[in-house]
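One letter stands for each residue in the lines below.
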Amino acid sequence: MIENLLPHVNWDKMWEATIETLYMTGLSTLYTFVFGLVLGVLLFLSSPGQLWRNRLVYGVTGAFVNIFRSIPFIILIILIIPFTTLLVGTIRGPEAAIPALVIGAAPFYARMVMIGLREIDRGVIEAARSMGAKTSTIIFKVLLPESMPALISGLTVTSIALVGYTAMAGVIGAGGLGNLAYYEGFQRSRTDVMIVATIIILIVVFAIQIIGDFAVKKLDKR
């Protein structure tokens, strides 16, 4: 019955493409969380009125974040081809998509981190400072724990954006469901392949949103 409705769908290829999409999304989300968190904390701490207030650091970091989060992802992939080749040794396959995915998503997440940190009651930070807490203690014992629901919520949004990025990366040979939908579906006029690939991408997105919402609900103390 399914074979009659979806005559062109190769389920082995679809499963392989799904695994590639999950691999790219999962690994890039992990790196994005690390680098985006570092950038976001640096932006927050170096901003006016904060612990490390420094106009130069804040300006340079802010410019870096603004530039790379403003470049359309499909253009970014092309621009960093030399860097990707140097880092990975190839411009094709899931591994080759990771640098572009992280560079494209980390600045976006950094801004969300900064917004989350700004929502923390300033009195909590001042109380920690008055008790003689070191900057590292304030970061890991005050800033990150207090903003964790916002950080997870931001990471959920970023992860969903990364799923879309993997689909775009697939069009230029990164693999995954985007690659399958374009080359096996669109170019060969196989609508059923495109529909199935799209449905699986939607399922991945819904799963990420559900997991993210659950985590935020568990971490939110309000």
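Up top you'll find the structure we're talking about.
As the structure is a computational prediction, the values presented were derived from the model and not from experiment.

K.L.:
Before we go on, may I ask you to explain the overall build of the protein chain in this structure?
P.N.:
A tally of regular secondary structure across the protein chain gives 10 helices and 0 strands. For the protein chain, the sequential pattern of α-helices and β-strands runs α-α-α-α-α-α-α-α-α-α. A burial count over the protein chain gives 41% of its 222 residues as buried. Of the contacts formed within the protein chain by residues at least 6 apart in sequence, a portion of 72% connects residues at least 24 apart. Counting every atom, the protein chain has about 12400 Å² of accessible surface; 67% of that belongs to carbon and sulfur. Taking the average place of the 17 positive charges on the side chains of the protein chain and the average place of its 13 negative ones, the gap between the two points comes to 14 Å.

K.L.:
Just to check I follow, could you spell out the packing of helix H2 (residues 11-46) against helix H9 (residues 176-186) for this structure?
P.N.:
For the pair H2 and H9, the least separation of the axes is 6 Å and the interaxial angle reads 140 degrees. By the criterion of interaxial angle, the relationship of H2 to H9 is oblique. Contact residues: Lys13, Met14, Ala17, Thr18, Glu20, Thr21 and Met24 in H2; Gly176, Leu177, Leu180 and Glu184 in H9. The class makeup of the residues in the contact of H2 with H9 is 5 nonpolar, 3 polar and 3 charged.

K.L.:
What exactly am I supposed to notice about the side chain of Thr25 here?
P.N.:
Within the element layout of this structure, Thr25 appears in helix H2. At 2.8 Å, the side chain of Thr25 and the backbone oxygen of Thr21 are in polar contact.

K.L.:
Sorry if this is basic, but what is going on with the side chain of Ser159 here?
P.N.:
Position of Ser159 relative to the elements: it lies in helix H8 (residues 135-171). In this structure, Ser159 is in contact with Thr25, Thr29 and Ile208, ignoring residues within four places of it in sequence.

Parameters and conventions
- Residues numbered from 1 in each chain as written.
- Predicted model: local features only at pLDDT ≥ 70, side-chain atom pairs only at ≥ 80, totals over all residues.
- Heavy atoms only, no water.
- Helix = DSSP H or I, 4+ residues; strand = E, 2+ residues; numbered from the N terminus.
- Buried < 20%, exposed > 50% of the residue type's maximum accessible area, 1.4 Å probe, protein only.
- Contact = heavy atoms within 4.5 Å.
- Areas by Shrake-Rupley, 256 points an atom, 1.4 Å probe, with all protein chains shown as cover.
- Lys, Arg positive; Asp, Glu negative; His and termini not counted.
- Charge placed at Lys NZ, Arg CZ, Asp CG, Glu CD.
- Axes fitted to C-alpha atoms, helices over the stretch in contact; angles between N-to-C directions.
- Parallel < 35°, antiparallel > 145°, perpendicular 65-115°, else oblique.
- Nonpolar A, V, L, I, M, F, W, Y, C, P; charged D, E, K, R; others polar.
- Polar contact = N/O pair within 3.5 Å; in protein donor to acceptor, adjacent residues only side chain to side chain.

Interpretation note: all reported values are geometric properties and have no functional meaning in isolation.
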